[in-house]
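Residues per chain, in single letters:
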Amino acid sequence: MNFTYLFVLIWLAFLISGGVLLFSRGFLLARVSKTETSTCRRLSTNPHDEYVLSPEVVNEIFKDVNASANLCLPQKSRVIILVVDALKYEFGLFRDNVSEPLPYENKLGFLNELLEQNPDHARLMRFKADPPTTTMQRLKGLTTGSLPTFIDIGSNFASPEINEDNVIDQIASSNLPMVFLGDGTWTDLYPRRFKRAYSYPSFDIFDLDSVDNQIKKHLPKELSSDDWQVLVAHFLGVDHCGHKHGPMHEEMARKLSEMNDVIRSVVEAMDNDTTLLVMGDHGMTASGDHGGDTDDETNALLFAYSKQHRFYGNDSGSDTEMLQQIDLVPTLATILGVPIPYSNLGLINFNIVPDIPVPYLNKFQTLLLHSWQNAQQIYRYFFQYAFENKRTFNVEEMDRLETEFILLSHRVQTIYNEAAFKNFVRDLNVNLRDILGTCREIWVRFDPTQMSHGLLFSFLPVFFIFLLVNNSRPADYEKIFKAKETFYAYLINVAAGVFGYRYYKNFSFKTEEHGVIFFTAVTSAAVFSFHVLRHWTNIANNWAAVRRFAHMPTRLLLFAAMAVFFSNSFVIQEAKILSYLLAATILLLSHELLRLSARIDFKTKFKASQFLRSTALRLVLASILAICLIRFAYTLFRCREEQGNCSDFTNSGGAGFSLKKPGSGKTYILAVVVIVVYTTLTRLYLRSCGNLTGNSPNVLLARYGPTVASICAGGHVLLANSSIKNIQRSHIDVLALVIYALLLLQIIVVSWAPLMIFVLPPRNANTVIVNGSESIVPEIFRKMKRMYEGNDEERRNAIPVVYGLATVYSSIVITFGVFLALVMVVLLEPRASIGLIVCIAVAAILLSIHGILRYRTATSFETCVQPTFTAIVGWFLLAHFCFFATSHQTTLSQIEWRAAFVGRTTGIGQSNLISGVLVILNTFCGPIFFFCMYSLLSTETYSLFALFPNLIRSCRSSSAGGKVDPTTTMTDLANEAVGFDMTRGELTLYEYEDVFLGTGFKLATQFFMLQGLKVFCAMMACTIHCRHLMVWKIFAPRFIYEALATFVSLPSLILGYLLLLRIHRAVDTLIKRINKTKVL
């Protein structure tokens, strides 16, 4: 079997993906992490320590305050940090005038008690997070004090150890023992830093209590211990409750009340020299999700409490209502008396620092030293970073900031009273916030070299596909892509990649990755150019044969789909735009078919009964049904924050929330019904094709597997969303695991014995003998025809009867699709699973309309097996429309992380890789499913006319004005129309295997071309709008989604072609076995 086409597809996929990856490295360039660390001399009141605070030392400090940057004042207290994951600011507010509070309201009443009883000892503040609001990125910000990079969200599945200076390392290096309890992300980021660590897995969002219960089990013992200086406990129950139920569920009330009890017990147990900090790392949306930059997601809560000591008041110059999360790092370092991390950009907020007198220092002197130490640390980091990245920062802005710093450094020497301090610290904070603002604006440095190379190298494969593949005939591909030449091309590319990896620095490339992609892309472009020049005559002739304005309506639809990326309004409304374009594509196919088939004279020859039985009416009804299904999918679309008229949300949620309407029981029942209907109709279709006859492995699996899988999927939908509390999660997991196992078994069976046929052995052995240059297929059908016409000799010497031969290719693809779809159904939300089945129904209608159209317009086997451009664009649009129909949106906060744990909450397969695969299957179910099934566009025409041969007569009669000799056989009609016997079904594909496999390859490359063009437009839009106000909110997330869609679509197409090759090899083995005595 020739796998040359497969290797060419892999080659093209590598080139397109490499270009996209290179562009993302330039556009989403991460901030350069600095490895330098801050140090200081820790002043102490203990006379036995090395650096003792004394009047002489204080005098020396204030002789030159600028020289005090390397000094740390004594520790003020121990610290307890309670991180309640996803503790939104509104959760901590207390509303007296509410008689029926919402589930999240007034549940943290103990905070209000402390605020009223000891207002000087307690603080409640808005804790403002920087996006992205995923847990790992928030923990990095909470410990390093640096701004997160946009693309860091991709590492949420694999938390690498932090190598940047951070407050945890500073505490550890200062010999202050730490104890940790809870979310295992902490120990992933900071391994071996804690004296004791009670770490637990954090990714099982269905489990609301296990981690929290373990913390509560060990927390009392640790609170009574005195061998630690910092205790961190990270609770996960509130966050998991939000993901599973949302903030309006009664479970949220239970978890918040539980946190209230925990805080109460901690306050009662802690000593007088301890400061308590209760905080959320991020908020949550109305649906309980997070990850983006909306106010719901970035507004967390911070509560601080000290039993004995007051906090500094408003005279400290700090914000009293809101605390930036990056401000926690210098504030925590101030409380503990450790150096502020080197890359910190936050400011000390003295409102949560205990007002503990420092010997020999006035209050304003203490605050001044802390503030100036913070300022010098920020200036040192900022100007060093700017010096190493000169082209990143605006020169005039840098000069202004440096001038202000010089003036402040002179001014700090003249602060001798509290009034002067207040004025100074106000101006200092303004200047430091200007630095922070400057970093926010230009932190993500665009690399124009990588971006331009990425654009070029992703476009070149698309260009050569159009030039070399799209303008060549399938029969010519064997001459263009010869096995030996493809092998040499691979060797040349490997050599080019090694050269780029070894000598990338010589060409001023920053990474080995850039060098490899650059040289392999250039080498591949040279190889493809050689192929184009060598076959230019054929390419030019085929190109000239194409009409200049052919498929113009379809081209306009494709242009509209690509233009979406260039407008933020279009991106927001992309779901509706795709629905219009998809409906228009179906109408184009129907119009073309009706134009060729429906010839009705309404004045003289119209007969209602004839019209009601006509194929034309059925096509009209099928088109209307498809459009109705597309319109129904509107109800399944998920909303974006920018869409103010979204019906999924109401505004009755009180402060801080828009309420998301929960799924109803009717939705769950409808989901189960459509799952059962889909598997039942598929089974009936396969049975009518004869593909469920016999006892071969794949037949047995196709006969019983979908039934079992649909029962499990329906049960999972109902039980996973049930309000019954005593259902064990392991029982629900088993249902999902059964479906996973069936898909895995299907893959194994297809790899081993894919055919779904049954060979009925003859009563008398008979051999079909043909010459070596002839094909066995026509002889088999001639013998079957003579048997059908009554030749007794042939009946006595009957050849084997093979059930399922007419759909030998499509039946396996459809069966594989059923198992793949059911896996996706169990990963999706109930209403999203309805959307997937709706898209599959639209695909079936599109295939039926296109199958008849292809027969009506074809003049040969080659034109019949090659889908029309309109059908290709329609299938492509449907694959991407399915993304929105399955309740997804191109925003970071609406990623369905829940899918990562379906079937895995009992500890089975706790792997980040598996989690990522499941989330990808959930998010990109449309492209994965439809691109794996793309070969149906080529095969369904043959199976359709083999199953319904009367379509041949009806199509012929419509084109002949109703005058067809009733004695003419179907075979003769088909031969007259397209030049071959359509009644053979898909076995005809084997007879013309060179053209068939070449067409499958061409169709895959055409989808490569469309997907490559789509992601290229997304990249170009980001390049044009890189300084647009909405670049990080709309354009960058849209590019990320399109890039990921490309990375999953190209392998899916390769998998679809590999499936086609495997089936073809099995058919080849079958034919040879039937003709086992063939004369050579």
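Calculation criteria
Residues numbered from 1 in each chain as written. Predicted model: local features only at pLDDT ≥ 70, side-chain atom pairs only at ≥ 80, totals over all residues. Heavy atoms only, no water. Helix = DSSP H or I, 4+ residues; strand = E, 2+ residues; numbered from the N terminus. Buried < 20%, exposed > 50% of the residue type's maximum accessible area, 1.4 Å probe, protein only. Contact = heavy atoms within 4.5 Å. Areas by Shrake-Rupley, 256 points an atom, 1.4 Å probe, with all protein chains shown as cover. Arc of directions from axis to C-beta. Disulfide = S-S within 2.5 Å. Polar contact = N/O pair within 3.5 Å; in protein donor to acceptor, adjacent residues only side chain to side chain. Expected span 1.5 Å × (residues − 1). Phe/Tyr/Trp six-rings, centres within 6.5 Å; stacked < 30°, edge-to-face > 60°. Axes fitted to C-alpha atoms, helices over the stretch in contact; angles between N-to-C directions. Parallel < 35°, antiparallel > 145°, perpendicular 65-115°, else oblique. Left-handed = near helix turned anticlockwise from the far one by under 90°. Pairing = 2+ DSSP bridges. Core = buried A, V, L, I, M, F, W, Y, C linked by side-chain atoms within 4.5 Å. Salt bridge = Lys/Arg side-chain N within 4 Å of Asp/Glu carboxyl O. Nonpolar A, V, L, I, M, F, W, Y, C, P; charged D, E, K, R; others polar.

## A closer look at the overall build of the chain
- Across its full length, the chain holds 41 helices and 14 strands.
- Expressed as a percentage of the 1080 residues in the chain, the buried residues total 59%.
- Taking all contacts inside the chain whose residues are at least 6 apart in sequence as the whole, residues at least 24 apart take part in 80%.
- On the chain, roughly 43,800 Å² of surface is accessible, and the fraction owed to carbon and sulfur atoms is 58%.

## Considerations on helix α2 (residues 55–63)
- For α2, the full list of buried residues reads V58, I61 and F62. Viewed along the axis of α2, the buried residues span an arc of 85°, placing them on a single side of the element. For α2, exposure combined with an orientation more than 90 degrees from the buried face picks out E56 and K63.
- Elements that come into contact with the buried residues of α2 comprise β2 (71–72) and α12 (363–388).

## Describing the state of the cysteines
- What the rule picks out here adds up to 1 disulfide.
- One disulfide bridge connects C40 with C72, the sulfur atoms lying 1.9 Å from each other. Residues C40 and C72 share a disulfide whose torsion about the S-S bond is about -115°; that sign makes it left-handed. With C40 in the loop between α1 (4–27) and β1 (41–42) and C72 in strand β2, the pair connects residues that are 32 residues apart, well separated along the chain. Here C40 matches C72 in class, with each residue buried.

## Brief notes about the environment of T1046
- Looking at the element boundaries, T1046 is found in helix α41 (residues 1031–1074).
- The exposure class assigned to T1046 is buried, which follows from its relative accessible area of 0%.
- Separated by 1026 residues in the primary sequence, T1046 and V20 place their C-alpha atoms 8.6 Å from one another.
- Discounting chain neighbours no more than four positions away, the residues touching T1046 are I16, Q1011, V1015 and P1051.

## Here's the deal with the side chain of R638
- Position of R638 relative to the elements: it lies in the loop between α24 (615–632) and β11 (649–650).
- A residue is classified by how much of its surface remains accessible, and R638, at 8% relative accessible area, is buried.
- Within polar-contact distance, the side chain of R638 engages the backbone oxygen of Q894 at 3.4 Å.
- Among the polar contacts made by the side chain of R638, one reaches the side chain of E896 at a distance of 3.0 Å.

## Describing helix α31 (residues 830–857)
- Compared with an ideal rise of 1.5 Å per residue, which puts 28 residues at 40 Å, α31 spans 41 Å between its outermost C-alpha atoms and is within 8% of the ideal.
- Among the 28 residues that make up α31, 24 are buried, leaving the element largely enclosed by the rest of the structure.

## A closer look at the packing of aromatic side chains
- Using the criterion set out here, one finds 52 aromatic pairs in the structure.
- Considering the side-chain rings of F499 and Y503, the 5.1 Å spacing of their centres and the 45° angle between planes classify their relative orientation as tilted. Pair noted here: F499 and Y503 are both in helix α17 (residues 483–503), with a separation of 4 residues, about one helical turn.
- Taking the centre distance of 6.2 Å and the plane angle of 80° together, the rings of Y934 and F1007 count as edge-to-face. Here the residue Y934 occupies a position in the loop between α35 (925–932) and α36 (936–947), and F1007 occupies one in helix α40 (residues 993–1024), the gap between them amounting to 73 residues.

## Overview of the packing of α1 against α17
- Look at α1 against α17: their axes get within 10 Å of each other, and the N-to-C directions meet at 30°. As summarised for this structure, α1 and α17 are arranged roughly parallel, according to the angle between their axes. The chirality of how α1 crosses α17 is left-handed. Only A483, T486, A489, Y490 and N493 of α17 make contact with α1, whose side of the interface consists of T4, F7, V8, I10 and W11.

## A word on the sheet that holds strand β8 (residues 274–279)
- The sheet built from 8 strands is open, its strands ordered β6-β5-β7-β3-β8-β9-β4-β10 with mixed pairing. Of all strands in the sheet, those with a lone pairing partner are β6 (196–200) and β10 (322–324), marking the two edges. Recorded for the sheet is a direction-independent mean angle of 15° between the axes of neighbouring strands.
- Across 5 bridges, the pairing between strand β5 (residues 178–183) and strand β7 (residues 230–235) is parallel. Across the sheet, the residue bridging to L181 is A233, located in β7.

## Regarding the nonpolar core
- Counting residues in hydrophobic clusters, the biggest one holds 205 residues, and the most contacted among them are F27, F1007 and F1039.
- Broken down by element, this core gets its largest block of residues, 22 residues, from α41.
- Beyond its immediate sequence surroundings of up to four residues, F1007 is in contact with I872, W875, F876, F931, Y934, L937 and L1053.
- Counting 81 residues, the second largest nonpolar core, distinct from the first, contains V232, M279, F350 and V358.

## Overview of the pattern of salt bridges
- All chains considered together, the criterion is met by 34 salt bridges.
- With its nearest N and O atoms 3.7 Å apart, the salt bridge here joins E258 to R254. With E258 and R254 both in helix α9 (residues 250–269), this residue pair falls 4 residues apart, about one helical turn.
- Across the pair E1042 and R1038 runs a salt bridge whose closest N-O atoms are separated by 2.9 Å. Of this pair, E1042 and R1038 both sit in helix α41, 4 residues apart, which is roughly one turn of that helix.
- Take E1042: its relative accessible area is 2%, and that puts it in the buried class.
- Taking the relative accessible area as the measure of exposure, R1038 reaches 5% and is therefore buried.

## What to know about the environment of F481
- As for its position among the elements, F481 is in the loop between α16 (477–480) and α17.
- For the pair F481 and V8, spaced 473 residues apart in the sequence, the C-alpha separation amounts to 7.9 Å.

## Remarks on the packing of helix α15 (residues 448–469) against α40
- Two elements in contact, α15 and α40, have axes whose closest approach is 9 Å; the angle formed by their N-to-C orientations is 150°. Viewed along their axes, α15 and α40 adopt a mutual orientation that is roughly antiparallel. α15 and α40 meet at a crossing whose hand is left-handed. Together, M451, G454, L455, S458, F459, V462, I465, F466 and V469 of α15 and F1001, K1002, T1005, F1008, M1009, G1012, L1013, F1016, M1019, M1020 and T1023 of α40 make up the contact between the two elements.
- The residue makeup of the contact of α15 with α40, split by class, is 14 nonpolar, 5 polar and 1 charged.

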